[in-house]
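The residues making up each chain are set out below.
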Amino acid sequence: MKPPATVGEALALAQGRIPRSEARLLLREASGLSAAAIAAFPERALEQAAAARFGDWLLRREVGEPVAYILGEREFFGRRFRVQADVLIPRPDTELIVEQSLRFSREWSMPRVLDLGTGSGAIAVSIALECPAAAVVAVDASEVALRVAQENARELGARLDFRLGCWFEPVAGERFEVIASNPPYIAAADAHLEQGDLRFEPRSALASGDDGLDDIRHIVATAPQYLAERACLLIEHGFEQGPAVRALLIAQGFQEVETCRDLAGHERVSLGRWN
Ligand code: GLN
């Protein structure tokens, strides 16, 4: 394939293969040109390296690789996070659990905050930066994910504590004012796992047993040992799992149980307080 010589040729090459908005984004990132330049000057020459990069990215996107993995980053809560295939791509929906965790964290002057299954670190790093008084601990069972999260914290100037292990294992004996988690919550047989971006993401970050609730059940049942007086547990879940997660929290003895809706109006984060 001959690399495109101009902006217009590059966009024409992508035509009908990937959505136009994605072609513009990939071209912008590959060339360093502004969105305005790309829109206004189709005759503008592309450097050879930029054209080659764009051609490579186009092929990868065409077979379904997520844009975030191709570019190696995704914006979350107003900041750029590095991502790679070992971590879940941060979703806009997940900003909700950050907002809610901050709401509760700010009730304390020096809250201890735990993020379970931190992945890219999007939740933990955002909380650490938005609430500098918080002492944030981020846990993940994947060594590679933890390295990605550490890198994000360093690049974004966040100070937090990273621990390798499964859910609560690495924080034995500790207590927290806020525990937040975006665990895997998709049913193992859900067809969505074989579609779109999800095909490329770590299965361990997505699927959780027959009904998708295995990890949430474990977290709800185990959290009380790790919660301080009046502390709050917040869990992200699927848009149809609100009633089930509220029931788990109530059965466990949590109080003030409620569910918050994401921007699309879906039940997305359920929470409760421990007394
Ligand atoms: N919200 C993601 C999706 O459905 C799933 C993330 C998760 O399982 N924690 O695409």
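Residues numbered from 1 in each chain as written. Predicted model: local features only at pLDDT ≥ 70, side-chain atom pairs only at ≥ 80, totals over all residues. Heavy atoms only, no water.

**Describing the site of the ligand**
Okay, so step 1: Surrounding the ligand, one finds L88, R91, N182, P183, P184, Y185, I186, L198, A205 and L206.
Okay, so step 2: One nitrogen or oxygen atom from the side chain of N182 is found 2.7 Å from a nitrogen atom belonging to the ligand.
Okay, so step 3: Assessed atom by atom at 2 Å from the grid points, the ligand resides in the largest pocket.
Okay, so step 4: Split by residue class, the shell around the ligand holds eight nonpolar, one polar and one charged. (Near = heavy atom within 4 Å. Polar contact = N/O pair within 3.5 Å; in protein donor to acceptor, adjacent residues only side chain to side chain. 1 Å grid on protein atoms, 1.4 Å probe; cavity = no way out; pocket = protein on both sides within 12 Å on 5 of 7 lines; lining within 4 Å. Sits in = over half its atoms within 2 Å of the grid points. Nonpolar A, V, L, I, M, F, W, Y, C, P; charged D, E, K, R; others polar.)

**Description of the packing of helix α9 (residues 214-222) against helix α10 (residues 242-252)**
Okay, so step 1: Close contact between α9 and α10 brings their axes to 9 Å; oriented N to C, the two are set at 25 degrees. When the axes of α9 and α10 are compared, the pair comes out roughly parallel. Of the two possible hands of crossing, α9 and α10 adopt the one that is right-handed. Of the residues in α10, those touching α9 at I216, R217, V220 and A221 are V245, L248, L249 and Q252. (Axes fitted to C-alpha atoms, helices over the stretch in contact; angles between N-to-C directions. Helix = DSSP H or I, 4+ residues; strand = E, 2+ residues; numbered from the N terminus. Parallel < 35°, antiparallel > 145°, perpendicular 65-115°, else oblique. Left-handed = near helix turned anticlockwise from the far one by under 90°. Contact = heavy atoms within 4.5 Å.)

**Regarding the environment of L11**
Okay, so step 1: Here L11 is to be found in helix α1 (residues 7-14).
Okay, so step 2: By relative accessible area, which is 17% here, L11 ends up buried.
Okay, so step 3: When the C-alpha atoms of L11 and R217 are compared, they prove to be 48 Å apart, with 206 residues separating the residues in sequence.
Okay, so step 4: Excluding residues that lie within four positions of it along the chain, L11 makes contacts with A23, R24, L27 and I38. (Buried < 20%, exposed > 50% of the residue type's maximum accessible area, 1.4 Å probe, protein only.)

**Some thoughts on the packing of aromatic side chains**
Okay, so step 1: Per the counting criterion, the structure on display carries four aromatic pairs.
Okay, so step 2: Where F76 meets F77, the ring centres are 6.3 Å apart and the plane angle is 40 degrees; that geometry is what we call tilted.
Okay, so step 3: When the ring of F76 is compared with that of F81, the centres are 6.1 Å apart and the planes differ by 80 degrees; the resulting orientation is edge-to-face.
Okay, so step 4: On the basis of relative accessibility, which here comes to 0%, the residue F76 falls in the buried class.
Okay, so step 5: Exposure remark for F81: the relative accessible area of 0% places this residue in the buried category.
Okay, so step 6: Put simply, the rings of F76, F77 and F81 pair up and form one aromatic cluster. (Phe/Tyr/Trp six-rings, centres within 6.5 Å; stacked < 30°, edge-to-face > 60°.)

**Considering helix α4 (residues 48-62)**
Okay, so step 1: The terminal C-alpha atoms of α4 lie 21 Å apart, and with 15 residues this matches the ideal 21 Å at 1.5 Å per residue to within 8%.
Okay, so step 2: If you check which residues of α4 are buried, you get A50, A51, F54, G55, W57, L58 and R61.
Okay, so step 3: Turning to α4, the residues buried within the fold contact α1, α2 (20-31) and α5 (67-71).
Okay, so step 4: Of the residues one or two after α4, G64 is the one with positive phi, at around 105 degrees. (Expected span 1.5 Å × (residues − 1).)

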